[in-house]
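# Geometric and topological summary
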Amino acid sequence: MRTTRFAALTVSAVFALAACGGGDDSGSAASSPSVSAETSAGAHNAQDVSFAQGMIPHHQQAVEMAELADGRAASAQVKDLAARVEKAQGPEISTMSGWLKAWDEKVPESMPGMDHSGMEGMEGMDGMAGMMDSADMDKLKKASGKEFDSMFLTMMVEHHKGAVEMATTEKAKGEYKDATAMAGDIVTSQNAEISKMKKLLGEN
């Protein structure tokens, strides 16, 4: 009798554990994908797509300009500013590229004015505010010392103004919370850098 009772208890325990384990597994499997989808691809609109597709090449050009400061800039303040542009905007490019992939939208591969292949059919790519053309970039690449500093600051002020304009539109019309939050950060940080660059140029 004791052996039979023990066997019955053991079987009951096994079924009880299996039921608990099955409930936990099915719960996590059901919740994880929905949370992931909600986070990466939910609640966005055409403005969010336009913002990411426009800001990626805009940031790419800012990073390219900042990289030129190494070995060309005379001012330590200009070099520091350029380093901060690279540090801030590089990760934002990666983040926005991730959004576009999650939304199944085209990710820009090159900058306007350089090579438009790979950008066809994307919103907001024409007449992007603050972008330098290839002639401007060539001049900056050939400059050095104080000439580079002045040219870099002047161009970057205009570039930042364009980014602030684009980000302001995203804050007002975007739906994706992460995108509107990034836009708010861009407005705050780049307006502060514009003020600093104008001081270095002697405009304030």
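Because the structure is predicted, anything quoted here is derived from the model rather than measured. (Residues numbered from 1 in each chain as written. Predicted model: local features only at pLDDT ≥ 70, side-chain atom pairs only at ≥ 80, totals over all residues. Heavy atoms only, no water.)

## Focus: the confidence of the model for the protein chain
Residue-level pLDDT values for the protein chain average 80, and 70% of them are 70 or greater. Scored below 50 in pLDDT, residues 1-39 makes three contacts in the model with residues more than four places away or belonging to other chains. Counting contacts from residues 112-126, a segment whose pLDDT is below 50, to residues more than four positions away or on other chains yields 29 contacts. (pLDDT = per-residue confidence, 0-100. Contact = heavy atoms within 4.5 Å.)

## Digging into the packing of aromatic side chains
Enumeration according to the criterion identifies four aromatic pairs in this entry. Geometrically, the ring pair formed by Trp103 and Tyr176 is edge-to-face, given 5.2 Å between the ring centres and 85 degrees between the ring planes. Taken together, the residues span a long stretch of sequence, with Trp103 in the loop between α3 (76-102) and α4 (134-142) and Tyr176 in the loop between α5 (145-173) and α6 (177-200) at a distance of 73 residues. Since its relative accessible area comes to 7%, Trp103 is described here as buried. Pairing Phe148 with Phe152 gives two aromatic rings, centres 5.6 Å apart and planes at 20 degrees, and the pair type is stacked. Separated by four residues within a single helix, Phe148 and Phe152 lie in helix α5, roughly one turn from each other. Given the relative accessible area of 0%, Phe148 is considered buried. A relative accessible area of 0% means that Phe152 is categorised as buried. (Phe/Tyr/Trp six-rings, centres within 6.5 Å; stacked < 30°, edge-to-face > 60°. Helix = DSSP H or I, 4+ residues; strand = E, 2+ residues; numbered from the N terminus. Buried < 20%, exposed > 50% of the residue type's maximum accessible area, 1.4 Å probe, protein only.)

## Here's the deal with the environment of Pro91
In this structure, Pro91 sits in helix α3. When its relative accessible area of 47% is taken as the criterion, Pro91 is described as partly exposed. With 32 residues separating them in the primary sequence, Pro91 and His59 have C-alpha atoms 10.0 Å apart.

## Let's talk about the pattern of salt bridges
Side-chain pairs of opposite charge can arise where the charged atoms are in close proximity. In this structure the tally under the stated criterion is four salt bridges. Residues Glu64 and Lys141 are paired through a salt bridge, measuring 3.6 Å at the closest nitrogen-oxygen approach. With Glu64 in helix α2 (residues 46-68) and Lys141 in helix α4, this residue pair connects regions lying 77 residues apart in the sequence. Its relative accessible area of 18% is what places Glu64 among the buried residues. Given the relative accessible area of 35%, Lys141 is considered partly exposed. (Salt bridge = Lys/Arg side-chain N within 4 Å of Asp/Glu carboxyl O.)

## A word on the nonpolar core
Among the nonpolar cores identified, the biggest contains 45 residues, and Phe51, Met55, Met65, Met96, Trp99, Phe148 and Phe152 are the most heavily contacted of them. Taken together, the elements giving at least two residues each to this core come down to α2, α3, α4, α5 and α6. Beyond its immediate stretch of four places on either side in the chain, Trp99 contacts Phe51, Ala52, Tyr176, Asp178, Ala179 and Met182. (Core = buried A, V, L, I, M, F, W, Y, C linked by side-chain atoms within 4.5 Å.)

## Re the environment of Asp149
Its location among the elements puts Asp149 in helix α5. C-alpha separation for the pair Asp149 and Gln77, spaced 72 residues apart in sequence, amounts to 9.5 Å.

## What about the environment of Ser195?
Counting through the fold element by element, Ser195 comes out in helix α6. Classification of Ser195 by relative accessible area gives partly exposed; the value is 36%. For Ser195 and Val157, which are 38 residues apart along the polypeptide, the C-alpha to C-alpha distance reads 8.7 Å.

## So, the packing of α2 against α3
At their nearest, the axes of α2 and α3 sit 9 Å apart, and the two run at 150 degrees to each other. Relative to α3, α2 is oriented roughly antiparallel. The hand of the α2/α3 crossing is left-handed. Residue-level inspection shows Val49, Phe51, Ala52, Gln53, Met55, Ile56, His59, Gln60, Ala62, Val63, Ala66 and Glu67 of α2 in contact with α3, the latter providing Ala82, Val85, Glu86, Gln89, Gly90, Glu92, Ile93, Met96, Ser97, Trp99 and Leu100. Its residues assigned to classes, the contact of α2 with α3 comprises 14 nonpolar, six polar and three charged. (Axes fitted to C-alpha atoms, helices over the stretch in contact; angles between N-to-C directions. Parallel < 35°, antiparallel > 145°, perpendicular 65-115°, else oblique. Left-handed = near helix turned anticlockwise from the far one by under 90°. Nonpolar A, V, L, I, M, F, W, Y, C, P; charged D, E, K, R; others polar.)

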